[in-house]
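Single-letter residue listing:
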Amino acid sequence: MSTTVCRARLSRHVFRTVQLRRCYSAPASVSLLGKDYPRDSTTNITSAIIDKVGRNLYMNPSHPLGILQMLISSHFRDFNSMTGFTPVVTPAQNFDDLGFTADHPGRAATDSYYINRELMLRTHTSAHEVEVFARQERKWLLSADVYRRDEIDASHYPVFHQMEGARVFSADAAGKAELEEDNERLSHHLSRSNIVIEDVPHITPANPHQAAHDPVLAELVARNLKLSLNGLMLTLFGGNAGEGAGEPLRVRWIEAYFPFTTPSYEVEVFFRGKWLEILGCGVVQQQTLDRARVPDSISWAFGLGLERIAMILFSIPDIRLFWSQDPRFTSQFAAGQISTFKPYSKYPACYKDVSFWLPDTGLHDNDFCDLVRDTAGDLVQDVVLIDSFTHPKTNRSSKCYRVNYCSMDRSLSNEETNALHQQVISTLKDKFGVEIR
C-alpha cells in the first residue's frame, strides 16, 4: 500500500523498525518435534502454533476426533489406515506435486505457515499423496494435523485435522471388471438402505474427465467414488440426522473444482434442518500418479475435516473446545460412542476494540489474528473487522477490530481482559509499527 509520507513521519517509521528488530530478535532456529530448523526472511510460524505441533488429538481413542477417526477407519475396514507422518513438508510436496498453480493463493505467507523458504507445515493431508501412492498402496486412509493461517471464530482454528482416503484401480480390462463388480455390490447395499441421494452426472463439460483417461473407465471410477462415500455418509449420519424416526438420510452431490482432482465433487448432508458441506473428492490428477511412478492406473480420493464433522455429530459449539483438557469436557466422551456434548460454560464474553492506522506496507487480517492468538491464546473467542476507513485527503487507511475475550472454563475479570488487550495493543505497535487511533 503506497502513501505519501513526510520526512518526520518517515523518521518515526525508521525508528519503529529499529525498535522492532531490537525487541523482536527471534532465535536463529525453529525447534519442532525435537529438531532445529534455520529461520530466514520467510519464517512466519508462531509460538502458539509450535506449541500445538505433536499433540495428535485424533490419536486419542476417547477424544471426539479420535472417535470419529476410528469410525471412518472401521467403515473402510479393508483400507490401510495410516498416521504419524511428519507435518514438516516442502512447498513442492504441498503444492507443486498436486498441480497447484504458481500463483495459487494458498502459497502466500498470509495463508500458510513457513518454517523457512524450503520447508513449511502441511496445509492438507494431500501433501503426502505422492509419497503414499509411491509405496504402491491401493486402498489407503491417512489422518493428520494440518495448519493454515485463518480468522478467529467458533468454527476456525489454525490447527485442525484431516482424513484422506484413496483407492487405485488398474487402467485395463481387469480394473474395469473390478469396478463393475464393486459398483454392483455397493449399489445393492444402498438400494436397501434408508437414504435419498440427489446426484449430478458423473462427467460433464464443466466437470470433465482427464484427457489421459478412458472416458468409460473414468465414469466407472467416479461412480465407485460416489457409491463408496454415500455408504460412509450412512455410517456417519444414518442414525443421527435428527429428521424424525424413519426419515431417510438425504445426501446431495455438487460439482466442484480442486487443483488435484478432476472431475471433482462436494458432498452435502441434510442434517437437523439444513444442508451441511461434509467433504470434497474426485478422480486423482494423473500427473500425481505419474510422479509416484504408478503406471497404468487410475484412482479416486476424498478429504474431510474431522473437526467439521465432529462439531456436527457431537454438537460441539466452539472449535477451541477440542483442545481443552478440562475434565468437564474430556469426561463426556468414550471410545466408540457418539454422544451429545453438554455445555458447562456460560461465562460472559467481554469485547474490546482496537483501531489503528495501517503501516505503509499494510497489514493482513491473518497477521492480526496470529498476533492475537500468540498473545491471548484460546482466551479469544473471535475477532471481527468492524470498520475499514481511508482518509480522503491523506489516503491513509485504518482498520478497527473487535476482539471478543471469553474463556471456555472460567470467568474473565474486566481487569484481566484489559491487561490482555493492552498487551495485544502493545505488541501490535511494536511488531508492526501501527499508529493507534
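Please read these numbers as outputs of a predicted model, since none were measured by experiment.

A.B. asks: Where do I start with the packing of helix H3 (residues 64-75) against helix H9 (residues 306-313) in this structure?
C.D. replies: For any two helices packed against each other, the geometry is given by the interaxial angle and the distance between the axes. In contact at an axis separation of 10 Å, H3 and H9 are set at 100 degrees when each is read in the N-to-C sense. The orientation of H3 relative to H9 falls into the category roughly perpendicular. Along the contact surface, H3 presents Leu-65, Leu-68, Gln-69 and Ile-72, while H9 presents Leu-306, Glu-307, Ile-309, Ala-310 and Leu-313. Of the residues belonging to the contact of H3 with H9, the class tally is seven nonpolar, one polar and one charged.

A.B. asks: I keep staring at the pairing of strand E14 (residues 350-357) and nothing clicks. Help me out?
C.D. replies: Within a regular strand, the side chains alternate between the two sheet faces. Note: E14 against strand E16 (residues 397-405), eight bridges, orientation antiparallel. Paired with Phe-356 across the bridge in E16 is Lys-399. Two strands pair when backbone bridges link them, and E14 and strand E17 (residues 435-436) are joined in this way by two bridges, in the antiparallel orientation. Across the sheet, the residue bridging to Trp-357 is Glu-435, located in E17.

A.B. asks: Would you take a moment to explain the packing of aromatic side chains for this structure?
C.D. replies: Each aromatic ring pair is specified by the distance between its two centres and by the angle formed by the two planes. A complete count under the given rule lists 20 aromatic pairs for this structure. On the numbers, 5.7 Å between centres and 25 degrees between planes, the contact of Phe-76 with Phe-302 is stacked. Taken together, the residues Phe-76 in the loop between H3 and strand E3 (80-82) and Phe-302 in strand E13 (residues 297-305) connect sequence positions 226 residues apart. A relative accessible area of 6% means that Phe-76 is categorised as buried. Among the aromatic residues, ring-to-ring pairing joins Phe-314, Phe-329, Phe-333, Phe-341 and Tyr-344 into one connected group. Positioned over the ring face of Trp-323 is Lys-52, at 5.5 Å from the centre of the ring. Note that Arg-252 overlies the ring of Trp-275, its terminal NZ or CZ placed 4.2 Å from the centroid.

A.B. asks: Would you mind going over the environment of Ser-264 with me for this structure?
C.D. replies: Its location among the elements puts Ser-264 in strand E11 (residues 261-271). As for Ser-264 and Val-283, which are separated by 19 residues in sequence, their C-alpha atoms are 6.7 Å apart. The contacts of Ser-264, once residues within four sequence positions are left out, are Asn-207, Ile-254, Glu-255, Ala-256, Tyr-257, Phe-258, Cys-281 and Gly-282. One polar contact links Ser-264 to Thr-261, side chain to side chain, over a distance of 2.6 Å.

A.B. asks: Looking at this model, I keep getting lost on H9. Mind explaining?
C.D. replies: Side chains of residues three or four places apart in an α-helix project in the same direction, reflecting 3.6 residues per turn. In terms of residue burial, H9 counts as a mostly covered element, since seven of its eight residues are buried. Every buried residue of H9 is listed here: Leu-306, Glu-307, Ile-309, Ala-310, Met-311, Ile-312 and Leu-313.

A.B. asks: Got a minute to help me understand the nonpolar core in this structure?
C.D. replies: One recurring pattern in soluble globular proteins: nonpolar side chains tend to sit buried together. Counting residues in each nonpolar core, the largest one holds 73 residues, and the members touching the most others are Leu-121, Met-233 and Phe-237. With twelve residues, helix H7 (residues 215-237) is the largest single contributor of residues to this core. With residues near it in sequence (within four places) discarded, Leu-121 still touches Leu-32, Ile-45, Ile-49, Val-53, Pro-87, Val-88, Val-89, Tyr-113, Ile-115 and Tyr-147. With 22 residues, the next largest nonpolar core counts Leu-358, Leu-363, Leu-379 and Val-424 among its residues.

A.B. asks: I tried to follow the pattern of salt bridges on my own but got confused; where do I start?
C.D. replies: A side chain with one charge may pair with a side chain of the opposite charge, provided their charged atoms come close. Counted according to the given criterion, the structure contains 20 salt bridges. Between Glu-178 and Arg-167 there is a salt bridge, and its shortest N-O distance comes to 3.1 Å. Here Glu-178, found in helix H6 (residues 173-191), pairs with Arg-167, found in strand E8 (residues 159-170); they are eleven residues apart in sequence, far enough to count as distant. For Arg-167, a relative accessible area of 7% puts it in the buried group. Notably, a salt bridge pairs Arg-402 with Asp-353, separated by 2.8 Å at the nearest N-O pair. Linking Arg-402 in strand E16 with Asp-353 in strand E14, this pair joins segments that are 49 residues apart in sequence.

A.B. asks: Help me out: how do you make sense of H7 in this one?
C.D. replies: For H7, built from 23 residues, the straight-helix expectation of 33 Å at 1.5 Å per residue is met to within 8% by its first-to-last C-alpha distance of 32 Å. With respect to burial, H7 is a largely interior element, 18 of its 23 residues being buried. The N-capping residue of H7, defined by a side-chain oxygen 2.9 Å from the backbone nitrogen of Val-216, is Asp-214.

Criteria and thresholds
Residues numbered from 1 in each chain as written. Predicted model: local features only at pLDDT ≥ 70, side-chain atom pairs only at ≥ 80, totals over all residues. Heavy atoms only, no water. Axes fitted to C-alpha atoms, helices over the stretch in contact; angles between N-to-C directions. Helix = DSSP H or I, 4+ residues; strand = E, 2+ residues; numbered from the N terminus. Parallel < 35°, antiparallel > 145°, perpendicular 65-115°, else oblique. Contact = heavy atoms within 4.5 Å. Nonpolar A, V, L, I, M, F, W, Y, C, P; charged D, E, K, R; others polar. Pairing = 2+ DSSP bridges. Phe/Tyr/Trp six-rings, centres within 6.5 Å; stacked < 30°, edge-to-face > 60°. Buried < 20%, exposed > 50% of the residue type's maximum accessible area, 1.4 Å probe, protein only. Lys NZ or Arg CZ within 6 Å of the ring centre and 35° of its normal. Polar contact = N/O pair within 3.5 Å; in protein donor to acceptor, adjacent residues only side chain to side chain. Core = buried A, V, L, I, M, F, W, Y, C linked by side-chain atoms within 4.5 Å. Salt bridge = Lys/Arg side-chain N within 4 Å of Asp/Glu carboxyl O. Expected span 1.5 Å × (residues − 1).

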